[in-house]
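Listed below are the residues making up each chain.
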Amino acid sequence: MITNVSTSTVSPKWIVDTYSQRNWVEVFYREAKGWLGLKEYQVRDKRSLMRHFILVFSAYTFILWHQLTGGLRCRWANKSLNSFTEALEAFRTAMSYRFFHWLTHNRDVFAAYKASLGYIWA
């Protein structure tokens, strides 16, 4: 193992503890790439890439925070949210409900927005 940590800090226990934390990094990347679209960007410039990464990291943090605190469980799930995918599904349910609720009260705003893009919302 190569490290830039001072030799007074490095011990066999430190190496095992540090290396064991690597799994959580792998879990994050697997979930962010597989469920949140970390690798599915369609931009090329650095600023847009950074915005995409920030949005993915923020979404991951938000969903994980709700999973750990039980925020999504209280209203949007009838089972415990033990995995990230279960929490993500509860989050999607919440967002779908919120959008539908907003749309029922703001059809004219949504229709005007679609018209500005050249679409007809009937």
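Conventions used here
Residues numbered from 1 in each chain as written. Predicted model: local features only at pLDDT ≥ 70, side-chain atom pairs only at ≥ 80, totals over all residues. Heavy atoms only, no water. Helix = DSSP H or I, 4+ residues; strand = E, 2+ residues; numbered from the N terminus. Rg over C-alpha atoms; globule rule 2.2 N^0.38 Å. Buried < 20%, exposed > 50% of the residue type's maximum accessible area, 1.4 Å probe, protein only. Contact = heavy atoms within 4.5 Å. Lys, Arg positive; Asp, Glu negative; His and termini not counted. Charge placed at Lys NZ, Arg CZ, Asp CG, Glu CD. Core = buried A, V, L, I, M, F, W, Y, C linked by side-chain atoms within 4.5 Å.

What about the overall build of the protein?
- Each helix and strand in the protein was counted, giving 6 helices and 0 strands.
- The order of α-helices and β-strands along the protein, N terminus first, is α-α-α-α-α-α.
- Radius of gyration (C-alpha) of the protein: 21 Å, far over the 14 Å computed for a compact globule of 122 residues.
- Considered along the principal axes of its C-alpha atoms, the protein spans approximately 70 × 40 × 20 Å.
- The 122 residues of the protein split such that 21% are buried.
- Considering only contacts within the protein whose residues lie at least 6 apart along the sequence, 24% involve residues at least 24 apart.
- Averaging the locations of the 16 positively and 8 negatively charged side chains of the protein gives two centres separated by 3 Å.

What to know about the nonpolar core
- Counting 15 residues, the largest nonpolar core has L36, I63, L72, L81, F84 and L88 as the members making the most contacts within it.
- Those elements that place two or more of their residues in this core are helix 2 (22–35), helix 3 (46–69) and helix 5 (84–105).
- Of the residues forming this core, the biggest block, 5 residues, is contributed by helix 5.
- When residues no more than four places from it in sequence are discounted, the contact partners of L81 are Q67, L72, R73, E86, A87 and A90.

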